[in-house]
Each structure stands twice: as structure tokens, then as C-alpha cells.
Amino acid sequence: MVVLFCFQQFFFFEFLRVVPLNTWVLISNFKLAYNLQRRPDGTFNRDLSEFLDRKVPANMNPVDGVFSFDHVDGATGLLNRVYQPSSQNEAQRIVDLEKPLSITEIVPVIIFFHGGSFTHSSANSAIYDTFCRRLVSICNAVVVSVNYRRSPEHRYPCAYDDGWAALKWVKSRTWLRSGKDSKVHVYLAGDSSGGNIAHHVAVRAAEADVEVLGNILLHPMFGGQMRTESEKRLDGKYFVTLHDRDWYWRAYLPEGEDRNHPACNPFGPRGRSLEGLKFPKSLVVVAGLDLIQDWQLAYVEGLKRSCHEVKLLFLEKATIGFYFLPNNDHFYCLMEEIKNFVNSNC
């Protein structure tokens, strides 16, 4: 008993050597809340989830140089939150929504899919609202944060369908055009399940010949039936357990499917090759303390085998969610990489 206590105490202090205390508190609170919301029978307490998820309204009055507004799809009721940099007065900003972002310079438009393992969070969750504002400020871009239907109420392929609808909506907005070619310069991005959605929406776009300039995947949620070395080594050590991951896949995949379904394992035995598709370049960010990193690295290798451009940013001492607070070197490294990635065509 004493030995176990000493080990737990040692691991906690080792944990805090890697993870800033306020990040540990933030993500531990999320983990506790998530555990309360999941039920062993595969159902989910959505009412409790909505109660615990702190949401914030959009703001037409700029905050730190960024203003935002919501667009709600009349047919689906789903929300897209649009974030734009602001340098002018309020009346002028409203008029500018009828005009292109720029007729000379290219302004990247990042379509962002929030994480939450297909089950938690939303486009107006406070933590993602803050993250999207930082993307706008640092990258000098427009961000469109997408609400998608969540599992287990809405299984595969609902999230992908909603992501595809959001991409088509963004591409059709004349006021999101920029540059001398007057088009919408779109990038797809997401963390965790949002990174998974970004990949699958990009595949649809390539098949439909809809231009996407790049994908940004932050520790994307991929997996497979076999247990990898990193899953065994990191199970339960840095916020996430295999038991958690398995629950979310059972909640999202079609009933009766296993984790080799292409939604989970895109380059697995039932996946498809992307060779020959006009698939966009990718920036894949892998946290070295994420238990599913082996699947993320396999995804990078799958893109390479399909002859597609991909850059891997492997952050050895990073955990999931390291980018939520600007309190670590990994945050600034990531933001610099994203800034360079989306402005490379400017």
C-alpha cells in the first residue's frame, strides 16, 4: 500500500514536470466531467454535458482585435461561428460582409472542427472560442468553427456529412474570397475527432474536385483493432485510457463495426488508397505523450505511400490539449507552424 502510494506520488510529480499545473487542472476537470457523462451501456447524458460545457456568445464588438458572428443553417439548425480580424469600426465591418476579404492579398480561411471524441464540446464552447481567436490573431486568417452532430445520438457518417456541408457553404460565400484570383482559400483543421473529420472531408473534396489547400490535424483521433506499443505504454498515464477511446469508437461507428472501419483506420485493411487523388498537403501534429500516437504516425506514413505532401510535427513531451493555454513552448511552436503553413501561398 505504501509502495503504491509512493509510486502514484512519484508519477504525479513526474507528470507536473511535463505538464504545466494549470493545463493539468484544465484537462483533468474535462476528464472528470467526461467520465460523469458516459454510461457503461453506451448511452450518454447529453443534458449533463450541455450543463457542464461552458459556452460563450459571438461578439460583433472586437475582443483583442477579433470579432465573431454566428450563422445558423435553417435546414439543420447547425451553427457555424465565423471569426475575423478587425481593424475598423463596427458599422464598416458589417458592410464589409458584402465584399471580398481582400482584392489584392490572400486571406486564408481555416475551417475548424472541434475535438471531443465525436461526443463532447461545440463550436461555441469557451475553450474552442478562445483557441479560434488565437488562430485568427496569430495567422491573420479567418476561422469558421463548425458545429457537427455528435455521437452517440448521431453516428457515422453524420459528422462527415456536416463537415462537407460546412465546406460547401464556406466555398459559396463571396465575402470570404480574397486575392487577385478572387476565390476562397480554404484550409481544413481540427483536433482529436476534429482532425479525423478534417481528413475525411478532404477526401470527399478531392473526389468531388473541390479545392482544399491544406489540412491541419492536431493529434487526430485514429485507431485500429490491434493494440500498438504506445497504447500499451501510455494507457491511463496522461489523461486518456484505452477504455475511454474504445467507448467513443463504439458510440460513433456503425453498430457492430470494429475499429478497422475506415472511419477509424483510414489506411487499414479496409481503407482506401489516396494515390492519384488530388489530396491537399497536410500538417500532422503528434503529441509524444498521446497514447494513440502510433496510429497518427501510421497515418503520416499512409499519406507518404500515397505520394502526398505531409509534414510531421512531433512534440515529444506534449500531451493532448497542450495548445489550449499559451503556457508552454509547444504552443508557440505549433502556432508558428500553422501560421507558416496557411500563409505559404500568400
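Residues numbered from 1 in each chain as written. Predicted model: local features only at pLDDT ≥ 70, side-chain atom pairs only at ≥ 80, totals over all residues. Heavy atoms only, no water.

Caption draft 1: Region of interest: the overall build of the protein chain. A tally of helices and strands in the protein chain yields 11 helices and eight strands. In summary, the protein chain has a C-alpha radius of gyration of 20 Å against a globular reference of 20 Å for 346 residues, a match within 12%. With respect to the principal axes defined by its C-alpha atoms, the protein chain has extents near 65 × 45 × 35 Å. Taking all 346 residues of the protein chain together, the buried fraction comes to 54%. Restricting to contacts in the protein chain with at least 6 residues of sequence separation, those with at least 24 account for 75%. Approximately 15,500 Å² of the protein chain is accessible, and the part contributed by carbon and sulfur atoms is 55%. Positive and negative side-chain charges in the protein chain, numbering 38 and 38 respectively, have mean positions lying 0 Å apart. (Helix = DSSP H or I, 4+ residues; strand = E, 2+ residues; numbered from the N terminus. Rg over C-alpha atoms; globule rule 2.2 N^0.38 Å. Buried < 20%, exposed > 50% of the residue type's maximum accessible area, 1.4 Å probe, protein only. Contact = heavy atoms within 4.5 Å. Areas by Shrake-Rupley, 256 points an atom, 1.4 Å probe, with all protein chains shown as cover. Lys, Arg positive; Asp, Glu negative; His and termini not counted. Charge placed at Lys NZ, Arg CZ, Asp CG, Glu CD.)

Caption draft 2: Looking closely at the nonpolar core. Of all hydrophobic cores here, the largest spans 68 residues; its most connected members are Phe113, Leu167, Val170 and Leu188. Discounting chain neighbours no more than four positions away, the residues touching Val170 are Val109, Ile111, Val144, Leu176, Val184 and Val186. (Core = buried A, V, L, I, M, F, W, Y, C linked by side-chain atoms within 4.5 Å.)

Caption draft 3: Representation of the packing of aromatic side chains within the structure. Applying the stated criterion across every chain, the model contains 20 aromatic pairs. Between the aromatic rings of Phe112 and Tyr128, the centroid separation amounts to 5.9 Å while the plane-to-plane angle is 40°, which identifies the pairing as tilted. With a gap of 16 residues between them, Phe112 in strand β3 (residues 109-113) and Tyr128 in helix α5 (residues 126-139) connect regions that are remote in the sequence. The same class applies to Phe112 and to Tyr128, which are both buried. On the basis of an interplanar angle of 85° and a centroid distance of 5.3 Å, the ring pair of Trp247 and Tyr248 is categorised as edge-to-face. Taken together, the ring pairs in this structure connect Phe112, Tyr128, Phe131, Phe322, Tyr323 and Phe324 into an aromatic cluster. Lying across the ring of Trp247, Arg38 places its NZ or CZ 6.0 Å from the centre. Sitting over the ring of Phe341, Lys281 keeps its end group 4.5 Å from the ring centre. (Phe/Tyr/Trp six-rings, centres within 6.5 Å; stacked < 30°, edge-to-face > 60°. Lys NZ or Arg CZ within 6 Å of the ring centre and 35° of its normal.)

Caption draft 4: Summary view of the packing of α5 against helix α11 (residues 329-342). Where α5 contacts α11, the two axes come as close as 10 Å, and the packing angle between them is 60°. Relative to α11, α5 is oriented oblique. In terms of crossing hand, the pair formed by α5 and α11 is right-handed. Between α5, through Phe131, Arg134, Leu135, Ile138 and Cys139, and α11, the contact on the second element is made entirely by Phe331, Met335, Ile338, Lys339 and Val342. When its residues are assigned to classes, the contact of α5 with α11 shows eight nonpolar, no polar and two charged. (Axes fitted to C-alpha atoms, helices over the stretch in contact; angles between N-to-C directions. Parallel < 35°, antiparallel > 145°, perpendicular 65-115°, else oblique. Left-handed = near helix turned anticlockwise from the far one by under 90°. Nonpolar A, V, L, I, M, F, W, Y, C, P; charged D, E, K, R; others polar.)

Caption draft 5: Main features of the pattern of salt bridges. Enumeration according to the criterion identifies 21 salt bridges in this entry. Of the charged contacts in the structure, one is a salt bridge between Asp162 and Arg149, with a shortest N-O distance of 2.9 Å. Of the two residues, Asp162 is situated in helix α6 (residues 158-171) and Arg149 in the loop between β4 (142-146) and α6; the sequence distance between them amounts to 13 residues. Judged by relative accessible area, which is 7%, Asp162 ranks as buried. (Salt bridge = Lys/Arg side-chain N within 4 Å of Asp/Glu carboxyl O.)

Caption draft 6: Region of the structure containing the environment of Ser182. Within the secondary structure, Ser182 is located in the loop between α6 and β5 (186-191). What makes Ser182 partly exposed here is its relative accessible area of 36%.

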